Amino acid sequence: MENHSLPKLHIAPLFCLLFLTSLVNCQLNYTFYDDSCPSLTKIVRYGVWTAISNDTRMAASLLRLHFHDCFVNGCDGSVLLDGGEKNALPNLNSARGFEVIDSIKSNLEKACPGVVSCADVLTLAAREAVYLTGGPYWSLAFGRRDGSTTSETAANEQLPGPFEPLENITRKFAAKGLDTKDVVVLSGGHTLGFAQCGVVKPRLFDFAGSGRPDPSLDASFLQTLQSTCPNRDESNSNLAPLDASSSKFDNVYYKLLVNSSGLLRSDQALMSDNVTGSMVAGYSKFPFLFYKDFGVSMVKMAGIGVITGSSGEVRKNCRVVN
């Protein structure tokens with residue numbers, strides 16, 4: 001296994017920023033598992049590293065899973081429960097990584113039985129996925145408890161979609177206590193992974209019912225996409241990369257948006273607004289600014305609607321309630 005020593009140059013200032021933010025839930029604790037499960041980070045990191053080594057797409061999948069968990073009634077591990085959210089349109093046949101969390105949780109149950117919640121496992125796994133693909137490291141507070149319910153309807157209503165206009169997406173973020181900057185920063189998670197062609201094709205062949213491609217798409221990029229996602233039903237499950245370095249966490253995503261080469265309509269929409277467009281331009285030039293802000297926004301997101309104390313439970317199996 002390669003050496004993944006922590007990048008000391010930018011941890012310290014980021015660590016301080018995270019401690020100072022008022023949006024870290026006061027009931028979460030940075031030392032929550034230090035005594036009860038000291039091997040937590042090692043076990044999760046190895047589980048995520050193994051999964052990414054076997055499938056480079058898994059880093060994006062784990063990050064997306066955490067996002068989809070937190071945006072639906074808070075970061076309570078509800079997306080991991082069978083049924084409910086898993087059957088919602090944004091997750092059905094696209095959400096991945098459940099077996100990775102199962103494996104990590106199984107190893108944690110051997111090392112520290114009944115201690116670490118599934119919500120905390122997923123939160124940490126997302127951080128490790130970013131870190132192990134070259135992205136930033138941020139400190140996490142723990143103590144989330146697992147919820148006992150999962151809602152398909154809530155997932156369909158609360159998760160931002162790839163076809164939604166920017167104002168709708170911003171509104172959904174605001175409902176979770178996240179601002180416009182968080183929209184731009186967390187969208188940068190699309191530096192990892194792929195999208196199914198079925199989601200992309202309306203932009204390529206019949207934008208807004210016009211029978212023509214999205215006029216905002218770069219012509220060369222459009223030609224490449226039409227080759228990857230030809231206009232036939234059997235191509236719907238083909239995969240198109242979200243950016244040109246889809247297995248590495250970097251700021252290429254923002255460079256592509258500046259060049260009118262964002263894969264998803266909801267991504268390219270960030271350039272349609274002066275405020276968000278200016279942020280995109282900044283992150284395209286200054287990767288370390290993006291890294292710093294990404295860690296801060298991820299901590300904010302990881303504090304949405306958390307269950308703590310004696311509420312909820314610590315699931316033994318992340319797929320079912322105890």
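Nothing here was measured: the structure is a model prediction, and the numbers come from that model.

Engineer: In this structure, what is going on with the overall build of the protein chain? I would like to understand it.
Structural biologist: For the protein chain, the helix and strand inventory stands at 14 helices and two strands. In summary, the protein chain has a C-alpha radius of gyration of 19 Å against a globular reference of 20 Å for 322 residues, a match within 12%. Seen through its principal axes, the protein chain has C-alpha atoms that stretch 60 × 40 × 40 Å. Taking all 322 residues of the protein chain together, the buried fraction comes to 53%. For the protein chain, the accessible surface area stands at approximately 14,100 Å², while carbon and sulfur atoms represent 53% of it. Charge separation in the protein chain, taken as the distance between the mean sites of 29 positive and 31 negative side-chain charges, equals 3 Å.

Engineer: What is the right way to read the UniProt feature "domain: Plant heme peroxidase family profile" (unreviewed entry) in the protein chain from this model?
Structural biologist: UniProt tags residues 27–322 as "domain: Plant heme peroxidase family profile" (unreviewed entry). Counting secondary structure, residues 27–322 comes out at 47% helix and 2% strand; the distance between its end C-alpha atoms is 23 Å.

Engineer: Could you clarify how one ought to interpret the pattern of salt bridges in this entry?
Structural biologist: Tallying each qualifying case throughout the model produces 15 salt bridges. With a closest N to O distance of 2.7 Å, Asp120 and Arg144 form a salt bridge. With Asp120 in helix α5 (residues 118–132) and Arg144 in the loop between α5 and α6 (152–158), the pair connects residues that are 24 residues apart, well separated along the chain. Accessibility classification places Asp120 together with Arg144 in one group, the buried group. When the shortest N-O distance is used, the salt bridge between Arg127 and Glu128 registers 2.8 Å. Pair check on accessibility: Arg127 and Glu128 agree, each one buried. A single salt-bridge network, built from bridges that share partners, covers Asp82, Lys86, Asp102 and Arg319.

Engineer: It is not clear to me how helix α14 (residues 287–301) should be interpreted in this structure. Could you clarify?
Structural biologist: Between its first and last C-alpha atoms α14 spans 21 Å; for 15 residues at 1.5 Å apiece the expected length is 21 Å, and the two agree. Among the residues of α14, Phe290, Tyr291, Asp293, Phe294, Gly295, Ser297, Met298, Val299, Lys300 and Met301 are the ones counted as buried.

Engineer: Please clarify how the packing of helix α8 (residues 180–187) against α14 should be interpreted in this entry.
Structural biologist: For any two helices packed against each other, the geometry comes down to the angle between their axes and how far apart the axes lie. It is the contact of α8 with α14, at a shortest axis distance of 9 Å, that shows an interaxial angle of 110 degrees. Judged on the interaxial angle alone, α14 and α8 are roughly perpendicular. Seen along the crossing, α8 lies across α14 with a hand that is left-handed. Taking contact as the criterion, the partners of Lys181, Asp182, Val185 and Leu186 in α8 are, on α14, Phe290, Asp293, Phe294, Ser297, Met298, Lys300 and Met301. Grouping the constituent residues of the contact of α8 with α14 by class yields six nonpolar, one polar and four charged.

Engineer: Which parts of the structure should I look at to understand the environment of Leu192?
Structural biologist: Inspection of the secondary structure assignment puts Leu192 in the loop between α8 and β1 (194–196). Judged by its relative accessible area of 2%, Leu192 is buried. Setting aside chain neighbours within four positions, we find Leu192 in contact with Ala59, Ala60, Leu63, Thr133, Leu242, Ser246, Ser247, Lys248 and Phe249.

Engineer: What should I look at first to understand the UniProt feature "active site" (unreviewed entry) in the protein chain in this one?
Structural biologist: In the numbering used here, UniProt assigns the "active site" (unreviewed entry) feature to His68. As for its placement among the helices and strands, His68 is situated in helix α3 (residues 58–70). In this structure, His68 is in contact with Glu85, Pro90, Asn91 and Leu159, ignoring residues within four places of it in sequence.

Engineer: Mind showing me how you'd approach the packing of α3 against helix α4 (residues 98–111) here?
Structural biologist: The interhelical angle for the contact between α3 and α4, taken along N-to-C directions, is 85 degrees, at an axis separation of 10 Å. One way to sum up the angle between α3 and α4 is to call them roughly perpendicular. Here Met58, Leu62 and Leu65 of α3 lie close against α4, whose contacting residues are Phe98, Glu99, Val100 and Ile101. When its residues are assigned to classes, the contact of α3 with α4 shows six nonpolar, no polar and one charged.

Engineer: Got a minute to help me understand the side chain of Asp120 in this structure?
Structural biologist: The exposure class assigned to Asp120 is buried, which follows from its relative accessible area of 1%. Those residues in contact with Asp120 that sit more than four places away from it in its chain are Tyr33, Phe142, Gly143 and Arg144.

Engineer: It is not clear to me how α4 should be interpreted in this structure. Could you clarify?
Structural biologist: Structural remark: α-helix, 3.6 residues per turn; residues separated by three or four positions point the same way. Compared with an ideal rise of 1.5 Å per residue, which puts 14 residues at 20 Å, α4 spans 20 Å between its outermost C-alpha atoms and is within 8% of the ideal. Turning to α4, its buried residues are Phe98, Val100, Ile101, Ile104, Lys105, Leu108 and Glu109. In this structure, the buried residues of α4 make contact with α2 (40–54), α3 and α5.

Engineer: Teacher, can you tell me more about unusual backbone geometry here?
Structural biologist: Trans is the prevailing form of peptide bonds, just as negative phi is the prevailing case for residues other than glycine. Even without glycine at this site, Asn73 takes up a positive phi of about 60 degrees. Looking at where Asn73 falls in the secondary structure, it is placed in the loop between α3 and α4. We classify Asn73 as partly exposed; its relative accessible area is 46%. Phi at Asn93 is positive, roughly 60 degrees, even though this residue is not glycine. Within the fold, Asn93 resides in the loop between α3 and α4. Assessed through its relative accessible area of 69%, Asn93 is described here as exposed.

Definitions and limits used
- Residues numbered from 1 in each chain as written.
- Predicted model: local features only at pLDDT ≥ 70, side-chain atom pairs only at ≥ 80, totals over all residues.
- Heavy atoms only, no water.
- Helix = DSSP H or I, 4+ residues; strand = E, 2+ residues; numbered from the N terminus.
- Rg over C-alpha atoms; globule rule 2.2 N^0.38 Å.
- Buried < 20%, exposed > 50% of the residue type's maximum accessible area, 1.4 Å probe, protein only.
- Areas by Shrake-Rupley, 256 points an atom, 1.4 Å probe, with all protein chains shown as cover.
- Lys, Arg positive; Asp, Glu negative; His and termini not counted.
- Charge placed at Lys NZ, Arg CZ, Asp CG, Glu CD.
- UniProt positions renumbered as here; feature names shortened; annotations may be inferred.
- Salt bridge = Lys/Arg side-chain N within 4 Å of Asp/Glu carboxyl O.
- Expected span 1.5 Å × (residues − 1).
- Axes fitted to C-alpha atoms, helices over the stretch in contact; angles between N-to-C directions.
- Parallel < 35°, antiparallel > 145°, perpendicular 65-115°, else oblique.
- Left-handed = near helix turned anticlockwise from the far one by under 90°.
- Contact = heavy atoms within 4.5 Å.
- Nonpolar A, V, L, I, M, F, W, Y, C, P; charged D, E, K, R; others polar.

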